[in-house]
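These are the residues of each chain, in order.
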Amino acid sequence: CTFFRRSRPLLVFFRRSRPLLVFFRRSRPLLVLQISLLQERDKRAKWHGIPTLLQRLYESSHPNSDLSNAYSFLKVLSSQLSMEAMSFVTEDRKTAQESTFPNTYTFDLFGGVDLLVEILMRPTLTMQKNKNNMNDDLVKECLSVLYNCCICTEGVTKSLAARDDFVLFLFTLMTNKKTFLQTATLIEDILGVKKEMIQLEGIPNLSGLVQSFDQQQLANFCRILSVTISEPDVGNDDKHTLLAKNAQQKRIASPSRAEVNQVTLLNIPGFIERLCKLATRKVSEATGANFLQELEDWYTWLDNALVLDALMQMATEEAEQSSTESSDESSLATSPLRHRLPQSMKIVHEIMYKVEVLYVLCVLLMGRQRNQVHKMLAEFRLIPGLNNLFDKLIWRKYTATNHVVHGQNENCDCSPEISFKIQFLRLLQSFSDHHENKYLLLNSQELNELSAISMKANIPEVEALVNTDRSLVCDGKKGLLTRLLTVMKREPPDSSFRFWQARAVESFLRGATSYADQMFLLKRGLLEHILFCIIDSGCTSRDVLQSYFDLLGELMKFNIDAFKRFNKYVNTPEKFQTFMTQINSSLVDSNMLVRCIVLSLDRFESQTEDVKVVEVLSECCLLSYMAKVENRLSFLFRLINIINVQTLTQENVSCLNTSLVILMLARRKAKLPFYLNALREKEYAEKYPGFLLNNFHNLLRFWQRHYLNKDKDSTCLENVSSAVNTSTSGTLPVL
């Protein structure tokens, strides 16, 4: 008895040197067994007749055979494997092992996986003119069994992923609506482990394929697209060092496959328009006091898309058979299966679709074709559509269950509703960040309010506001930004939604500082809300606090009214001490706010002819604190000391940029030698000569290589530090 794995005969039995049974794998001998010996061994090994069934399946699936018999044998096999697959899905996806799933393991061991691949692809390989059309049920069963093997038996998915011909062939099966669901699920699983990202342009007639999808199919297809347009994960983005990222970028050809795939999708006629319709279409509302509990009960085991979609497909098929279903969205409510499925399933299903669609749109918004995507999203009224869904679907008002605290990890085991909220907030963040289309988040009345603020302050309106197409902004009494502020104030202190909400609002303010934008948010109590969260709420989440520090920095930067409001709220020494304690507890989290204070102080000190500015400068405890050189030096010492070139990440590189801002402003005032001498004296006091200046010199050299050769990062840095004179903003101090 000899065992071989993959690309060789899996199991070969010889008796009297006579091969009695032959299976084939890609036209090569797969299995040679004697019937009687096989049956005898089957009983002892508890193979449950799987090898014999595979033999019969093989014999009944020849090109000229009656495939109905093959389907019968496959159904029997499928029933034995499906229970193991369901067990895997419902038992927290345990690591696949032979002992855990013996039937699936045996099926793969005796060449079942390769046989099904051959059966599926046989119509594309035969030269016969009169090909036997494969029954849809047989194709569906083959795909389902392959998927079960993928999730239950280690190595099967990778083996299938290595066959590019099979992967591309699977896409051709998506043209058939009856086999679409099984095909999409299998493709998603395979692409998730494929070493090299598939190139979408290699899919035969991709444009025609996508255009043939109905809306439900397109939403499912987005699950597949998400794997093909996202850059490969090279580790936690915040923890992956910039040195390693720079080295990786040198190795990766530009443009990447993900970027090429994004362009391929954008060239498909009507693709973005259909995604916008999917993202904004309304859902039949479920009613009743037990709705939320129903939803909670179902999502605990319906997190597997295959299970949920299979149930929904079952409902659809039964409804079609009874001729009671129409194409209307609310048709499920009248289907015969309605009494067997919770009323809330329709909403869960729609929410899961929208999560995938919003993810694809978010990735495209962050890609090289961002401006093109922005133009289309505005034209197809994505933002007004989401605004209309906000209260009824995105942020419905229910019990405190909506306030479950989850981490910021996008891979966390979240309910569909939580995932939907987070993906919605990430989309808003990407949409608003440094783009003039951010004003589409407001309605016409709110745009008029911005104009009035500018007029009252006797400053010109920003060009982006003037150029905003009023026909594309939000409808109703409130725009999307205002609705977001409302729910933001209602979140519990440590809710992770606060992190994403703050990021979304901050992105609206990022870029060239707009006094009108800041005042719009200040008038709605945002500054007081942020200070309450930082000082009085007892919030301990570092992620939430960091997002609020960053938002506070953008809200207060160069705005004398904001500093006046700050001083009014922080009106006791105890409150100010608490606030500073929060800042000093982690400069990695709070240094953007420190940078804002330093820049604003520099601006205000040049406006001493303004009585209001002079008054706030003399009264504001925060500005007075930062005006003291010893305090600025204290920040500078720590900012330089907590980072080095080897530990720089996307998360803490802002500490380097903030230290540079402090020194560039000092240089402009001819005080740079004083600051550098202070650094040297600190080294002597610590009896560690060079630990600050040498480290800072190395950081500066890295800064040159990392920023000055990368247009995007340089632009972002200039936007953040826009108060620094252009003659010095790109110039390094010389040590």
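Note that the structure is predicted; figures quoted are calculated from it, not measured.

Regarding the overall build of the protein chain
Then, in step 1: Tallying secondary structure elements over the protein chain gives 38 helices and 4 strands in all.
Then, in step 2: Within the protein chain, the proportion of its 735 residues that are buried is 53%.
Then, in step 3: Excluding contacts between residues fewer than 6 apart, the proportion of contacts in the protein chain whose partners are at least 24 apart in sequence is 75%.
Then, in step 4: Here the protein chain has roughly 33,600 Å² of accessible surface; of this, 51% comes from carbon and sulfur atoms.

Remarks on the packing of aromatic side chains
Then, in step 1: According to the stated counting rule, one finds 14 aromatic pairs in the structure shown.
Then, in step 2: A ring pair is formed by Tyr-439 and Phe-508, whose centres lie 5.9 Å apart and whose planes are at 80 degrees; its orientation type is edge-to-face. In this pair, Tyr-439 is assigned in the loop between α20 (416-432) and α21 (444-456) and Phe-508 in helix α24 (residues 497-509), connecting sequence segments 69 residues apart.
Then, in step 3: With relative accessibility at 1%, the residue Tyr-439 sits in the buried group.
Then, in step 4: On the basis of relative accessible area, Phe-508 is assigned to the buried category, the value being 0%.

Considerations on the side chain of Thr-179
Then, in step 1: Note that Thr-179 resides in helix α9 (residues 177-191).
Then, in step 2: Judged by relative accessible area, which is 2%, Thr-179 ranks as buried.
Then, in step 3: Residues in contact with Thr-179, not counting those within four places in the same chain, are Asp-136, Val-139, Lys-140, Leu-143 and Leu-173.

Things to note about helix α23 (residues 480-490)
Then, in step 1: For α23, a buried count of 8 out of 11 residues is recorded, marking the element as mostly surrounded by other parts of the structure.
Then, in step 2: Residues of α23 that are buried include every one of Leu-480, Leu-481, Thr-482, Arg-483, Leu-484, Leu-485, Val-487 and Met-488, and no others.

Describing unusual backbone geometry
Then, in step 1: Here the phi dihedral of His-434 falls at roughly 50 degrees; this positive angle occurs in a residue that is not glycine.
Then, in step 2: Relative to the helices and strands, His-434 resides in the loop between α20 and α21.
Then, in step 3: Its identity as a non-glycine residue notwithstanding, Lys-687 has a phi of 55 degrees, on the positive side.

Let's talk about the environment of Thr-175
Then, in step 1: By the element assignment, Thr-175 lies in the loop between α8 (164-172) and α9.
Then, in step 2: In this structure Thr-175 comes out as exposed when scored by relative accessible area, which is 56%.
Then, in step 3: Thr-175 sits 33 residues away from Gly-208 along the chain, and the two C-alpha atoms are 9.4 Å apart.
Then, in step 4: A distance of 2.9 Å separates the side chain of Thr-175 from the backbone oxygen of Thr-172, its partner in a polar contact.

Some words on the pattern of salt bridges
Then, in step 1: Under the defined criterion, the tally for this structure stands at 27 salt bridges.
Then, in step 2: Among the salt bridges present, the one from Glu-118 reaches Arg-122, with a minimum N-O distance of 2.9 Å. Separated by 4 residues within a single helix, Glu-118 and Arg-122 lie in helix α5 (residues 112-125), roughly one turn from each other.
Then, in step 3: Judged by its relative accessible area of 14%, Arg-122 is buried.
Then, in step 4: A salt bridge links Arg-510 to Asp-433, with the nearest nitrogen and oxygen atoms 3.6 Å apart. A residue pair is termed long-range when its members are at least 10 positions apart, and Arg-510 in the loop between α24 and α25 (515-522) and Asp-433 in the loop between α20 and α21 qualify at 77 residues.
Then, in step 5: Its relative accessible area of 24% is what places Arg-510 among the partly exposed residues.
Then, in step 6: Look at the salt bridges and you will find they share partners, linking Asp-602, Glu-605, Arg-668 and Lys-669 into a network.

Conventions and cut-offs
Residues numbered from 1 in each chain as written. Predicted model: local features only at pLDDT ≥ 70, side-chain atom pairs only at ≥ 80, totals over all residues. Heavy atoms only, no water. Helix = DSSP H or I, 4+ residues; strand = E, 2+ residues; numbered from the N terminus. Buried < 20%, exposed > 50% of the residue type's maximum accessible area, 1.4 Å probe, protein only. Contact = heavy atoms within 4.5 Å. Areas by Shrake-Rupley, 256 points an atom, 1.4 Å probe, with all protein chains shown as cover. Phe/Tyr/Trp six-rings, centres within 6.5 Å; stacked < 30°, edge-to-face > 60°. Polar contact = N/O pair within 3.5 Å; in protein donor to acceptor, adjacent residues only side chain to side chain. Salt bridge = Lys/Arg side-chain N within 4 Å of Asp/Glu carboxyl O.

In short, geometric facts, not functional conclusions.
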